[in-house]
Amino acid sequence: MRNRTRNAALLGATALLTALALTACSASASPGSGPSGDASSSASPVSGGTLRYLANTEPPTWDGQRVPSLNLNSINSSIFDTVTVQAEDGTYKPGLATKWEVSEDGLTYTFTLRTDVKFQDGSPFNAGVLKQNFDRPLNETGLATVSSGIVSNEVLDDNTLKVTLSRPNASFIHALSTPHWPIYSGKVLTEHTPAELSANPKLSVGSGPFRVKDDVKGSKIVLEKNPDYAWAPSTWGHTGPAYLDEVTIQFVPEPQARIGALGSKQADAIDQVPPLNIPEVKAAGAQILEKDNTGTPYYLALNPNIAPFDDKNVRLAFRDAIDVDGLLKSVYAGEYKKAWTTTLPDTPPLGSYDKSLEKSWSFDPKASAKLLDQAGYTETDKDGYRTKDGKRLTINWAVDSLYVQTDQRQQLGEAIASSLKKAGFEVIRTPYDTAAFSAQLAKNEHNLADSSRGYADVGTTIQPFQTNAIPKEGGGSGINYGLVSDPQIDEAGKIISANSDPKVRIAEAQKAQARILDEGFAIPLYVPKKIVGTTAKVHGWKFDAVGYTDAFYDVWLAK
C-alpha cells in the first residue's frame, strides 16, 4: 500500500510538471556537501541552464517589508541586493553601502553608497531611492520594518544618506543585511501602491542578480539572469552575472510530489524535505543539504493573561506533560534536535545561547500531576480531562494556517494535543488565515500559539516576549504571540537593543532566556533547519546566516 501511494504521488508530480513544461537540463558530475550546507566541488563552474526548484508554498505577500516569510526570503534574496551583507563569521561587509558611520549615541547612521548600481528597470540607485525605501515604514501601516525605529531620512548628496532612529538599535545593521529590507526601484515605489507591491511579483524590481520574468499565481514564478549585474558583494564566490540563465520556482505543497519529481529528474532541487523521507531521497541518488537556523526555535507561546495559563503552576504542568524527545523521534525520526531555550545555539553574538539551561526541564508526568493538583485541578470528568470547579482544563491553540505544513508542524501539533490528554489537558487547535492571525491573537482569547523566528541576531529571540511586540487588534507585525508583558524581559530586551557590546548583550540574553523558562512563558520544541534535496548536477548552493536558502547567484548546473 505504501509503494502504491508513493507511485501515485510520483505520477501526480510528473503530470504536474509536464503540464507546466519545465525545461530539463542534463546531469553529470556529483558534488559534495560542504559544512555550511553549500553544494560544492572541485569542478569549474559553467554558465547556462535552468534550475527547476520546487518550494512548498507560495509566499503570502510579495513585499518583504510587510510579511517576511521563509519562502519569500529565499526568492527575494536573488532579486534584491541588501544595504549591508553578513559574512559567515557574523561580521558585516559592504553591500549597496560601501561604508557607514554610527554616532556615539547610536541614533544616527550615515551611509555612503555605491555609484555603479542600476535597478533591473534601468533606473539608478542613489541616496534618494534609498530614502524612498527607508521612508516606507514612516508612511505605510502594517510594515514589519517599523520595528527598526527609523524616524527620519536625510539625503546629504547623491551618494550619502543620514538615517535617524528613535532609539539605539544594535540590530539595525543586521536587519539591513536581510531580505526583510528589500531595496526597490524608486520608479516602482513612485508609480505603484503598497497593495500592488504585495500582490504582484512583477513589481519586485531590485538590483540583484535575477529579475522576475514570469509568474502564474498559485503555481510558479520564473526568474531570469540580470545580464548587467556587476556589483556582487565580496562574500560571494564570483563576480559578474549569475551562472544560471533562469530559475523556475514551482509551488508544490505535497512533500511526496516534490520528492517524486526530484527522484524522476523532473526537478533539480526541492525545498522542505521531511526528515522521515531523507533516506528515500538519498537512495534515489540525490543529495541532502541542510543547515540549522539561528534565532528562536520552534516553540509554543503560552498566554499568561487568561485562565488556565494565568496560573504559573498550570503553565509548568503543561510543559512537564509534553514528551518532547519522544514526539520529535516519532514525527521526525530524531532528525531535529530538541531545543532547550528560546535562543538557538548559533545565534550571534556567539555565546548568547545559555548552555547551562540544557536539561533544566524535562518530561515529568508525576511533576505535572502534582502541579495541577496544586492549581486546583483535582477532579476528572467522564472523558478523562482534569476539571476545577466543574470546568474542564481546556487549552485553545491558535494556529497560523500558512505554516502548518512547514516541517510537518500539523502532524507535530496534533501529536502534542493527543498526548496531552493523558495529563488531563483538552487541547483544541483552531486554524486562522495568515492575514488575520495577529489581529485574532490581539483579542486575547487564545491560550496557546506556536512560532519560530529566523534571525542572525539575538535581539530577535527576545523581542517575541517583549511588551512592545504584542499584536494589536488593527493587525500589524506584533510577534509576541503569548501576549507576555514582563518588566524583567522588557528591560533585558531594551539593553540588548541599545547596546553594541557583545558581552553586555550576551549577559542580558541569558537573563531573558532563564526568565522565560522559569515563568513557563514558552516551551522550546526543536531547532529548525533548512533541508533541501538536489540532484547531483547542482553545485554552489548556499544558505545564509539564518539558515534560509540564499541567492541562486553562485549556483550552477553541470553539463
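Further up the page is the structure itself.
To start, this report covers the structure provided alongside it. What you see is a predicted model, and the numbers here were worked out from it, not measured in a lab.

## Some words on the nonpolar core
Formed by 62 residues in total, the largest nonpolar core has its most connected members in Leu-51, Phe-111, Phe-134, Val-163, Ile-249, Trp-541 and Phe-552. For this core, the element with the most residues is helix 3 (residues 127–139), which contributes 4 residues. Discounting chain neighbours no more than four positions away, the residues touching Phe-552 are Leu-51, Tyr-53, Ser-74, Ser-78, Phe-210, Leu-244, Val-247, Ile-249 and Trp-541. Judged by nonpolar contacts, the second largest core, of 55 residues, contains Tyr-332, Tyr-377, Leu-393 and Val-399.

## What about the packing of helix 15 (residues 487–498) against helix 16 (residues 502–519)?
Closest axis-to-axis distance for the helix 15/helix 16 pair is 9 Å, and the angle between their directions is 160 degrees. Judged by the inter-axis angle, helix 15 sits roughly antiparallel to helix 16. Judged by the sense of rotation from one axis to the other, the crossing of helix 15 with helix 16 is left-handed. Of the residues in helix 16, those touching helix 15 at Gln-488, Ile-489, Ala-492, Ile-495 and Ile-496 are Val-504, Arg-505, Glu-508, Ala-509, Ala-512, Arg-515 and Ile-516.

## Here we look at the sheet that holds strand 9 (residues 160–165)
The strands making up a sheet associate through hydrogen bonds between their backbones, and the pairing can be parallel or antiparallel. Strand order across the open sheet formed by 4 strands is 6-7-9-8, with antiparallel pairing between neighbours. Either end of the sheet is taken by a strand with one partner, and the two such strands are strand 6 (97–102) and strand 8 (150–157). For this sheet, the mean inter-axis angle between neighbouring strands, taken without regard to orientation, is 20 degrees. Bridge count for strand 7 (residues 108–113) against strand 9 is 5 bridges, and the pairing is antiparallel. Following the sheet pairing, Thr-112 is matched in strand 9 by Thr-160. In this fold helix 3 packs onto strand 7, strand 8 and strand 9, with an angle of close to 170 degrees to the strand it touches most, strand 8.

## Here we look at the pattern of salt bridges
What the rule picks out here adds up to 34 salt bridges. With a shortest N-O distance of 3.1 Å, Glu-140 and Arg-66 are connected by a salt bridge. Here the residue Glu-140 occupies a position in the loop between helix 3 and strand 8, and Arg-66 occupies one in the loop between strand 3 (50–55) and helix 2 (70–79), the gap between them amounting to 74 residues. Note on accessibility: Glu-140 and Arg-66 belong to one class, buried.

## Here's the deal with the sheet that holds strand 16 (residues 379–380)
Taken in spatial order, the 3 strands line up as 16-17-18 in an open sheet, and their pairing is antiparallel. With partners counted over all chains shown, the strands left at the sheet margins are strand 16 and strand 18 (391–392), one partner each. Sheet analysis places strand 16 next to strand 17 (residues 386–388), joined by 2 bridges and oriented antiparallel. Looking at strand 17, one finds that Glu-379 is bridged to Thr-387.

## Topic: empty space enclosed by the protein
One simple way to see leftover space: roll a probe sized like a water molecule over the atoms. This model, assessed by the stated rule, comprises 2 cavities of 30 Å³ or more. Reported here for the largest cavity is a volume of approximately 110 Å³. As for the largest cavity, its lining consists of 15 residues, of which Gln-272, Val-273, Pro-274, Gln-405 and Asp-407 are closest to the centre. Among the elements of the structure, helix 7 (255–263) and strand 23 (529–534) are those that each provide at least two residues to the lining of the largest cavity. Examining the composition of the lining of the largest cavity, we find that 3 residues originate from one element, strand 23, more than from any other. A class-by-class count of the residues in the lining of the largest cavity yields 7 nonpolar, 4 polar and 4 charged. Reported here for the second largest cavity is a volume of approximately 50 Å³. Lining the second largest cavity are Tyr-53, Ala-55, Asn-71, Ser-74, Ile-75, Ile-249, Asp-271, Lys-530 and Phe-552. Of the residues forming the lining of the second largest cavity, the biggest block, 3 residues, is contributed by helix 2. Per-class residue counts for the lining of the second largest cavity are 5 nonpolar, 2 polar and 2 charged.

## Description of helix 15
The terminal C-alpha atoms of helix 15, which comprises 12 residues, lie 16 Å apart, in line with the 16 Å expected from a rise of 1.5 Å per residue. Within helix 15, burial applies to Ile-489, Ala-492, Gly-493, Ile-496 and Ser-497. Across the axial projection of helix 15, the buried residues extend over an arc of 130 degrees, all falling on one side. Opposite its buried face, helix 15 presents the exposed residues Pro-487, Gln-488 and Lys-494, each directed more than 90 degrees away. Looking at the buried residues of helix 15, the elements they touch are helix 14 (459–462) and helix 16. Two or three places before Gln-488, at the opening of helix 15, Asp-486 has a side-chain oxygen 3.1 Å from that residue's backbone nitrogen.

Rules of the game
Residues numbered from 1 in each chain as written. Predicted model: local features only at pLDDT ≥ 70, side-chain atom pairs only at ≥ 80, totals over all residues. Heavy atoms only, no water. Core = buried A, V, L, I, M, F, W, Y, C linked by side-chain atoms within 4.5 Å. Buried < 20%, exposed > 50% of the residue type's maximum accessible area, 1.4 Å probe, protein only. Helix = DSSP H or I, 4+ residues; strand = E, 2+ residues; numbered from the N terminus. Contact = heavy atoms within 4.5 Å. Axes fitted to C-alpha atoms, helices over the stretch in contact; angles between N-to-C directions. Parallel < 35°, antiparallel > 145°, perpendicular 65-115°, else oblique. Left-handed = near helix turned anticlockwise from the far one by under 90°. Pairing = 2+ DSSP bridges. Salt bridge = Lys/Arg side-chain N within 4 Å of Asp/Glu carboxyl O. 1 Å grid on protein atoms, 1.4 Å probe; cavity = no way out; pocket = protein on both sides within 12 Å on 5 of 7 lines; lining within 4 Å. Points joined across faces, edges and corners; volume = space filled by probe spheres on them. Nonpolar A, V, L, I, M, F, W, Y, C, P; charged D, E, K, R; others polar. Expected span 1.5 Å × (residues − 1). Arc of directions from axis to C-beta. Polar contact = N/O pair within 3.5 Å; in protein donor to acceptor, adjacent residues only side chain to side chain.

So yeah, pure geometry; function would need other evidence.
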